[in-house]
Amino acid sequence: MSLFFSVMRFWRIAFILMLYLKTTVTAWSRDADAEHAIEQRRHARHTNNSHFKNNSRLMNSSSFDCNDTGDDIANDAVRHTDWHRVEMMDSNGLYWLEWWLKSKEIHFRVTVNTQGFIGLGFSRKTGRMSGADMVILWVDDRTGKANALDCYGSAVHHNVAPIQDDTQNYIVLNGFQNSTHTQVEFSREIETCDPYDLPLGSDTLKVLWSFGDTDPTHGNLKGHGKNRGHKSLHLMGPMFHKSHILSAASRHNQEIHKWDVTVQNVSIQSTMDTLYWCKILQAPTLVEKHHIIGYEALLSRNGYVTK
């Protein structure tokens, strides 16, 4: 992980690290009454949400409440609402995904190098179609009308075509195609309370992408072949761009320091939700007050750190 510091800010790095280490190593003791109260709250929460778990294969891993509004979910996940994210989903620039928030809704725009269908999906655990929440998009070759089909992947039968959802929660806003590309803009509520729609809350999701050469015909899809993949994305917040931080500091004549915090021989498996790893480090020697203004992950492949 890289940390970036700006001179003449508010907190000392050593003080921040001391607070973090103190928090992680402190063992809290609870008496029997406190433990009993905690168990009672857990039981009440389980009882209130049990009917959702019994009726949905997706909600087993979700902590949302359908009484919450999209605003509640969005506000819990992000402080800034005036932002616009753009991601290149594949390595060749053939599939571009944009999204932004509007009140209780999340808006998407896909631009793909195809005149056929476009697939977009969301999954918590894996990048596979099985059990995923999906939408199929296309622009009709005859009428020029943009379409969206709310679907989901079968949790029982793998490698089969998506199944049409009884409730269509994706709304087409605009779309067109030319001789090379198709673009569709659409929206859906952040939380639809549909058992086959994944809540797009504060968790990092596997975002699935695919596209094919032809439009869907009578609910059937020609295989996408190798034109598919997935990417881990956090949909509810703007992206931290190191270049923006550095350019802003340069405009204000501020010096930026970087500190790489790395650990060796730690493997991150695709099946892991969260990995906690503790290491005590000596902070850089700083003679003035500093403030952490950004961070980014350093992930390695075959033992080499990628920045």
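As recorded in an unreviewed UniProt entry, the protein goes by DOMON domain-containing protein and comes from Glossina palpalis gambiensis. Recorded in UniProt under Sequence similarities (unreviewed entry), the annotation for the protein is "Belongs to the copper type II ascorbate-dependent monooxygenase family."

Caption draft 1: Region of the structure containing the sheet that holds strand S10 (residues 182–189). A sheet is described by the order of its strands in space; here five strands give the open sequence S2-S3-S4-S10-S9, paired in antiparallel fashion. Two strands close off the open sheet at either side, each with one partner strand: strand S2 (85–88) and strand S9 (171–177). Taken over all neighbouring pairs, the strand axes of this sheet differ in orientation by 15 degrees on average, direction set aside. In terms of strand pairing, strand S3 (residues 95–102) meets strand S4 (residues 105–112) through eight bridges, oriented antiparallel.

Caption draft 2: Molecular detail of the packing of aromatic side chains. Taken as a whole, this structure holds six aromatic pairs when the rule is applied. Where Phe-108 meets Phe-186, the ring centres are 5.4 Å apart and the plane angle is 25 degrees; that geometry is what we call stacked. With Phe-108 in strand S4 and Phe-186 in strand S10, this pair connects stretches of sequence that are 78 residues apart. Since its relative accessible area comes to 0%, Phe-186 is described here as buried. Where Trp-209 meets Phe-211, the ring centres are 6.3 Å apart and the plane angle is 20 degrees; that geometry is what we call stacked. Residue classification places Trp-209 among the buried positions, given a relative accessible area of 10%. What makes Phe-211 buried here is its relative accessible area of 5%. Among the aromatic residues, those joined into a ring-pair cluster are Phe-108, Phe-122, Tyr-170 and Phe-186.

Caption draft 3: Spatial organisation of the pairing of S2. Only one face of S2 is covered, namely the face carrying Arg-85 and Glu-87; the face carrying Val-86 and Met-88 is uncovered. Two elements, S2 and S3, share four bridges in a ladder whose sense is antiparallel. By the bridge assignment for S3, Val-86 is matched with Glu-98. Between the antiparallel neighbours S2 and S3 lie six residues, among them Gly-93 with a positive phi of about 75 degrees.

Caption draft 4: View of unusual backbone geometry. One non-glycine residue, Ser-103, lies in the positive phi region at around 55 degrees. Turning to its location among the elements, Ser-103 is positioned in the loop between S3 and S4. Look at Ser-103 and you get exposed, because its relative accessible area is 51%. With a phi close to 60 degrees, Cys-193 is a non-glycine residue in the positive phi region. Among the structural elements, Cys-193 can be located in the loop between S10 and strand S11 (205–211).

About the criteria used
- Residues numbered from 1 in each chain as written.
- Predicted model: local features only at pLDDT ≥ 70, side-chain atom pairs only at ≥ 80, totals over all residues.
- Heavy atoms only, no water.
- UniProt positions renumbered as here; feature names shortened; annotations may be inferred.
- Pairing = 2+ DSSP bridges.
- Helix = DSSP H or I, 4+ residues; strand = E, 2+ residues; numbered from the N terminus.
- Axes fitted to C-alpha atoms, helices over the stretch in contact; angles between N-to-C directions.
- Phe/Tyr/Trp six-rings, centres within 6.5 Å; stacked < 30°, edge-to-face > 60°.
- Buried < 20%, exposed > 50% of the residue type's maximum accessible area, 1.4 Å probe, protein only.

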